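Survey of secondary and tertiary structure
Next come the chains, spelled out residue by residue.
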Amino acid sequence: QVQLVESGGGLVQPGGSLRLSCAASGMIFSIDAMGWYRQAPGKQRELVATIASGGSTNYADSVKGRFTISRDNAENTVYLQMNSLKPEDTAVYYCNINVRRRLGSPWTNYWGQGTQVTVSE
């Protein structure tokens, strides 16, 4: 199996910063795209940012210029640096990765358990 462990969430004031981490472990042959999603109370889960295996990135318009996604392929870890945080960024943040568990096996999608980010005075 594959496990994703997220960390770095918490309470921060508007304008502050947080850095989320998501480490994947278990039976992993290779990882394709990695990403972060979020879900606010009463809303659907939405894309925040993704990063391809080659490093190309994609961001939701609402976080462009404030958030940066990165990955450490040696550590099977994806990061989300969040700056200039706003109250509307408050949500549970989930990491998501596409994993091939062995050579020739299909790609399988995995979700982290979620970490709460609260932006408030």
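For the structure, check the block above.
The text that follows walks through the structure, step by step, so that each part is easy to find. Computed from a predicted model, the values in this text were never measured in an experiment.

Regarding the pattern of salt bridges
Per the stated rule, a full pass over the model turns up 4 salt bridges. A salt bridge links Arg 66 to Asp 89; the nearest nitrogen and oxygen atoms lie 2.7 Å apart. Of this pair, Arg 66 sits in the loop between strand E6 (57-59) and strand E7 (67-72) while Asp 89 sits in the loop between strand E8 (77-82) and strand E9 (91-100); the two residues are 23 residues apart in sequence, bridging distant segments of the chain. Exposure remark for Arg 66: the relative accessible area of 10% places this residue in the buried category. Judged by its relative accessible area of 0%, Asp 89 is buried.

Notes on the pairing of strand E5 (residues 46-51)
Relative to E5, strand E4 (residues 30-39) runs antiparallel, the two sharing 5 bridges. Paired with Gly 35 across the bridge in E5 is Thr 50. Joining the antiparallel neighbours E4 and E5 is a turn of 6 residues, in which Gly 42 adopts a positive phi near 75°. In terms of strand pairing, E5 meets E6 through 3 bridges, oriented antiparallel. Note that in E6 the partner of Ile 51 across the bridge is Thr 57. Hairpin connection between E5 and E6: a loop of 5 residues separates the two successive antiparallel strands, and Gly 55 in this loop has a positive phi of roughly 105°.

Details of the packing of aromatic side chains
Per the stated rule, a full pass over the model turns up 2 aromatic pairs. Between the NZ or CZ atom of Arg 19 and the centre of the ring of Tyr 79, over which it lies, the distance is 4.0 Å. Its guanidinium or amino end placed over the ring of Trp 111, Arg 45 lies 4.6 Å from that ring's centre, counting from NZ or CZ.

Analysis parameters
Every chain begins its residue count from 1, and numbering advances along the sequence as written. Reporting in this predicted model follows two pLDDT cut-offs: at least 70 for local features of residues, and 80 or more for side-chain atom pairs to be given and counted; totals over whole chains, interfaces and linings ignore these cut-offs and use all residues. Side-chain calculation: all heavy atoms of the structure are included, whereas hydrogens and water are not. Salt bridges, as used here, are contacts in which a Lys or Arg side-chain nitrogen is within 4 Å of a carboxyl oxygen on Asp or Glu. Put simply, DSSP marks the helices as runs of H or I at least four residues long and the strands as runs of E at least two long, and each gets a number from the N terminus on. The cut-offs for exposure are 20% and 50% of the maximum accessible area for each residue type, with area from a 1.4 Å probe on protein chains only; residues under the lower value are buried, those over the upper are exposed, and the others partly exposed. Two strands qualify as a pair provided DSSP detects at least 2 bridges between them. To pair, rings of Phe, Tyr and Trp, with the six-membered ring standing in for Trp, must have centres within 6.5 Å; the planes then decide the type, stacked if under 30 degrees apart, edge-to-face if over 60, and tilted in the middle. Consider the ring centre and the ring normal. A charge sits over the ring if Lys NZ or Arg CZ is within 6 Å of that centre and within 35 degrees of that normal.

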